[in-house]
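# Examining the three-dimensional arrangement
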Amino acid sequence: MAHALREKAAVSGIGETAYTRGTTKSGLALQLEASLKAIEDAGLKPADIDGVVPYFPGGGIAEDFIANLGLPDLTLSLFVPMGGATCVAAMQSAAMAVATGVCKNVLISVGRTGYSGARVSTRLQQFPQFALAAEFEAPIGLFAPAQLYAQGARRHMELYGTTARHFAEIAVTTRQHAILNGNVVMNKPLTVEEHHASRMISDPFRLFDCSLESDGGAAIIISAADRAKDLKKPLVTIMGVAEGHPESPASIAQRPDLLDFGLSKAAKRGYAMAGVGPKDIDVAEIYDCFTFTVLRQLEILGFCRTGEGGPFVMDGRIGLGGDLPINTHGGLLSQGHVVGLNHVIELTRQLRREAGKAQVKDAEVGLVTGYGDMGDGSLAILRRAA
Amino acid sequence: MSTAPGLQPAPVPERPMPTPTRESQPYWDGLRDGKLMLQHCASCGKVRHYPRPVCPDCFSMESEFKAAPLTGKLHTWTVCHHPFNFFFKAQAPYIVALVDMEAGVRINAPLRGVDASQLKIGQPVTLQFEPVSKDVTLPYFAIA
């Protein structure tokens, strides 16, 4: 029997601000600007929004959305505090809300002043999920995800022979894709040599292995699939969606397997709900806070086996025209960092066939992941149902 | 801030210090006394780190802290080049090693006195103690 949530919800609207380094706007203003665009894109009015999932913690709460968008009757407000896994995990909550009739249209939004506001090492120390890292790891010199995740990347390299060349392939391919998209922070070509020459941040991560600190906002609207088919844009349904939490969720150091992410649990459930497998995926938008994070998720998602992520990403396989084009918008590495909501937006564009020069021909089924907060994971599998 | 900027030398950046909790206090007290004190379930005996109120195996809320051996093996490491914190700017680059301690938990701490190019998974290391204030001692590792 098909899962009760399969294709009951749809991504009905998408909106983004400009992705920049530098803005005078607040995180809240960026969220609202993107939200208004998403509402317009769906052919809805602000008053049609009855559920909101603002980014936590990110300068916006339900009260702000009611006050700014004049929402007459909000029936659901949620935070999903899962770091980079938040946005895709929020799609599960939103899908549940619209499938049960609690809501008609749920707005998920992110606004970040990652460049013009507080930087990552300052921001994270204030997250409740980072309390253990703040107590045990900040005093010995680990503050930022680049440092905390580097230890897992190093272990993968030592165990499986993964190399900086593999990481570079992901960075370079992602940049090539970004250049095709008009709204990106990084719009100049990147070579493997430039990647290797970029300064070391936390070995093995170099500058170009790391995602951007940028400013911008993004928003999507999740609607019941039977309502969304009457809206403005081609119908894109959620076939499967899931979140997963790893063992020792707030401390990578104490996790039995450093390379096990919450995604391994979520992927199993998400594929089962969708009724598809890795071979059915035409395009994938993989959360790319770091190049290595992409490589390891491709393994966890079953596109290749554990330890084979390095060779898998080579030879054009993950580029446009390859077997599995990934991050066709430029991702967090080159487009902008809005906690991966830009990945959901790009996948929706791909399935609507609105992806312009980066369009994957005949894309029917695609996958998007979230990863964050020391290894929480989420994925959604979307389908063109128009 | 009562003084105008520029009139005084920049303050020396302070080391980020731990804020012990009711659960973790014995661990920090142990380091200050030159011991690695780890939390064990008083009911099933299983060790757990970082300290927390409930044993996730048998759900007992009773626990005791016992001194653990200082030896362990390298699980993985990173070399921090970019200082994400002002205090650590003067120390960069520095190695932070994640170590499988003999007692069955991991400790993350700086690894000193060795070049990163020499490191291998499984390499034996020993925990050392560095007092950084009257109350706080932090761990670091040296090659065994």
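One numbering rule holds for all chains: residues counted from 1, following each sequence as written. Working convention: letters from A go to chains and numbers from 1 go to ligands, in the order in which they are written. With the structure being a predicted model, the display of local features is reserved for residues of pLDDT at least 70 and the display and counting of side-chain atom pairs for 80 or more, all residues being used for whole-chain, interface and lining totals.

## With respect to the overall build of chain B
Strands are runs of DSSP state E lasting at least 2 residues, helices are runs of H or I lasting at least 4, and numbering of each runs from the N terminus. When you go through chain B residue by residue, the secondary structure sums to two helices and eight strands. Reading the helices (α) and strands (β) of chain B from amino to carboxyl end gives α-β-β-β-β-α-β-β-β-β. With respect to the three principal axes, the spread of C-alpha positions in chain B is 60 × 40 × 25 Å.

## Examining the overall build of chain A
When helices and strands are counted, chain A shows 14 helices and eleven strands. Principal-axis analysis of the C-alpha atoms gives chain A an extent of 55 × 45 × 40 Å. Placing a C-beta atom from the backbone of each residue, one calls two residues in contact when those atoms lie within 7 Å. Expressed as a percentage of contacts within chain A between residues at least 6 apart in sequence, the contacts between residues at least 24 apart total 77%.

## Quick word on the interface of chain B and chain A
At the junction of the two partners, chain B supplies 29 residues and chain A supplies 26 residues. Of all the secondary-structure elements, those providing two or more residues to the side of chain B that touches chain A are strand S4 (71–80), strand S5 (94–101) and strand S6 (106–112) of chain B. When residues of the side of chain B that touches chain A are assigned to their parent elements, the largest contribution, five residues, is made by S4 of chain B. Inspection of the sheet shows strand S5 (residues 200–203) of chain A paired to S4 of chain B by two bridges, in the antiparallel sense. Any two strands with at least two DSSP-identified bridges between them are counted as paired.

## Some remarks on the sheet that holds strand S1 (residues 36–41) of chain B
Residue and element names in this part refer to chain B. With respect to topology, three strands assemble into an open sheet ordered S2-S1-S3, the strand pairing being antiparallel. Among the strands making up the open sheet, the edge pair consists of strand S2 (47–48) and strand S3 (63–68). Sheet topology places S1 next to S2; two bridges connect them, and they run antiparallel. Its bridge partner lying in S2, His40 is registered against Val47.

## As for the pairing of S5 of chain A
All names here are of chain A. Alignment of S5 against strand S6 (residues 205–206), held across two bridges, turns out to be antiparallel. Paired with Ser202 across the bridge in S6 is Phe205. As consecutive antiparallel partners, S5 and S6 are separated by one residue.

## Some details on the confidence of the model for chain B
Confidence of the predictor in every single residue is expressed as pLDDT, which spans 0 to 100. Chain-level statistics for chain B give a pLDDT mean of 94 and a share of 95% at 70 or above. Both scores are available for the predicted complex, with the pTM at 0.96 and the ipTM at 0.94.

## Quick look at the packing of helix H7 (residues 164–180) of chain A against helix H11 (residues 291–300) of chain A
Residue and element names in this part refer to chain A. To obtain an axis, a line is fitted to C-alpha atoms, over the contacting stretch when the element is a helix, and the angle between two such axes runs from 0 to 180 degrees between their N-to-C directions. Running from N to C, H7 and H11 point in directions that differ by 100°, and their axes come no closer than 8 Å. Between H7 and H11, the angle falls in the class roughly perpendicular. Residues His166, Phe167, Ile170 and Ala171 of H7 pack against Thr291, Phe292, Val294 and Leu295 of H11. A per-class count over the contact of H7 with H11 returns six nonpolar, two polar and no charged. The labels follow the angle: roughly parallel below 35 degrees, roughly antiparallel above 145, roughly perpendicular from 65 to 115, and oblique for the rest. Any residue outside Ala, Val, Leu, Ile, Met, Phe, Trp, Tyr, Cys, Pro, Asp, Glu, Lys and Arg is labelled polar, Gly included; the first ten of those are nonpolar and the last four are charged.

## Re helix H10 (residues 263–274) of chain A
All names here are of chain A. Between the first and last residue of a helix there are one fewer steps than residues, each counted as 1.5 Å, and that sum is the expected span. The end-to-end C-alpha separation of H10 is 15 Å, in line with the 16 Å expected for twelve residues at 1.5 Å each. Exposure criterion: with C-beta atoms placed from backbone coordinates, a residue whose C-beta has 20 or more other C-beta atoms within 10 Å is buried, one with 12 or fewer is exposed, and one in between is partly exposed. Inspection of H10 places Leu263, Ala266, Ala267, Gly270, Tyr271, Met273 and Ala274 among the buried residues, and these make up the whole buried set. Taken end-on, H10 shows its buried residues confined to a sector of 160°, consistent with a single buried face. Along its buried surface, H10 packs onto strand S8 (236–244), H11, strand S10 (365–372) and strand S11 (376–384). Gly275 lies just past H10 and shows a positive phi near 75°. Note that the arc is defined by the directions from the helix axis to the C-beta atoms.

## As for unusual backbone geometry
A cis amide bond links His49 of chain B to the next residue, Tyr50 of chain B, at an omega of 0°. With respect to the helices, strands and loops of the structure, Tyr50 of chain B is situated in the loop between S2 and S3. At the junction of Ala92 of chain B and Pro93 of chain B, the peptide bond is cis and its omega measures out at -5° in the coordinates. The topology assignment puts Pro93 of chain B in the loop between helix H2 (86–89) and S5. Backbone geometry places Asp315 of chain A, a non-glycine residue, at a positive phi of 60°. Note on placement: Asp315 of chain A falls in the loop between helix H12 (309–312) and helix H13 (331–335). Its 11 C-beta neighbours within 10 Å are what place Asp315 of chain A among the exposed residues. Of note in this structure, Val339 of chain A is not a glycine but carries a positive phi near 60°. One can find Val339 of chain A in the loop between H13 and helix H14 (341–352).

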